[in-house]
Amino acid sequence: LVIFGHGYGMNRGNYSFFIEEIASHGYVVCKVMHTYVTELTRFFDGTETNMEDLRPRTEQMLDTCIQDIQFMLSQLSTNTLVSMLTAHCTCNNIGIVGHSLGGIMTHN
């Protein structure tokens with residue numbers, strides 16, 4: 001299992017080639033998209049954020065992004081839909097990679 005973190009203000013499609021390459025080697029890749037830190041977030045009710053809504057780059061923003069990843073990790077075993085995907089993963093050996101902001105979060 002590999003978690004991928006995006007760069008500040010980047011959109012979800014920018015990393016498709018990289019994520020597909022990792023997955024082609026047999027890994028399940030989970031990409032976290034941080035609300036108000038990515039180019040576009042579309043909520044369940046259809047509302048959207050855009051570049052004007054980006055959070056400023058602060059330590060608090062970084063802490064929130066790290067909490068997003070921690071939440072995602074907690075869902076690996078408790079969320080039925082996610083656990084169906086990760087059932088065959090070795091979740092005690094999770095990798096995390098990222099670009100720019102996503103790379104900063106890898107050491108936390």
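The structure this text deals with has already been given above.
All values derive from a computational prediction rather than experimental measurement. (Residues numbered from 1 in each chain as written. Predicted model: local features only at pLDDT ≥ 70, side-chain atom pairs only at ≥ 80, totals over all residues. Heavy atoms only, no water.)

Visitor: Any chance you could break down the sheet that holds strand E1 (residues 2–5) for me, citing the residues and the numbers?
Guide: Strand order in the open sheet formed by 3 strands is E2-E1-E5, with parallel pairing between adjacent strands. The open sheet has two edge strands, strand E2 (29–32) and strand E5 (95–98), and neither has a second partner. When strand polarity is set aside, the average angle formed by the axes of neighbouring strands in this sheet is 25 degrees. Two strands pair when backbone bridges link them, and E1 and E5 are joined in this way by 4 bridges, in the parallel orientation. When the sheet's bridge partners are listed, Gly-5 is paired in E5 with Gly-98. In the packing of helix H1 (residues 16–23) onto the sheet, contacts are made with E1, E2 and E5, and the angle to E2 comes to roughly 155 degrees. (Pairing = 2+ DSSP bridges. Helix = DSSP H or I, 4+ residues; strand = E, 2+ residues; numbered from the N terminus. Axes fitted to C-alpha atoms, helices over the stretch in contact; angles between N-to-C directions. Contact = heavy atoms within 4.5 Å.)

Visitor: Talk me through the nonpolar core; I want residue IDs and the actual numbers.
Guide: One finds Tyr-8, Val-37, Met-61, Cys-65, Leu-101 and Met-105 to be the most contacted residues of the largest nonpolar core, which totals 17 residues. Where this core is concerned, the elements lending two or more residues are E2, helix H2 (59–78) and helix H4 (101–105). Examining the composition of this core, we find that 7 residues originate from one element, H2, more than from any other. Among the nonpolar cores identified, the runner-up in size contains 6 residues, and Val-2, Ile-19, Ile-22 and Val-29 belong to it. (Core = buried A, V, L, I, M, F, W, Y, C linked by side-chain atoms within 4.5 Å. Buried < 20%, exposed > 50% of the residue type's maximum accessible area, 1.4 Å probe, protein only.)

Visitor: Talk me through the pattern of salt bridges; I want residue IDs and the actual numbers.
Guide: When charged atoms on two side chains of opposite charge get close, those side chains can pair. Scanning all chains against the criterion turns up 1 salt bridge. Of the charged contacts, one joins Glu-48 and Arg-42 as a salt bridge, the two residues approaching to 2.6 Å between their closest N and O atoms. (Salt bridge = Lys/Arg side-chain N within 4 Å of Asp/Glu carboxyl O.)

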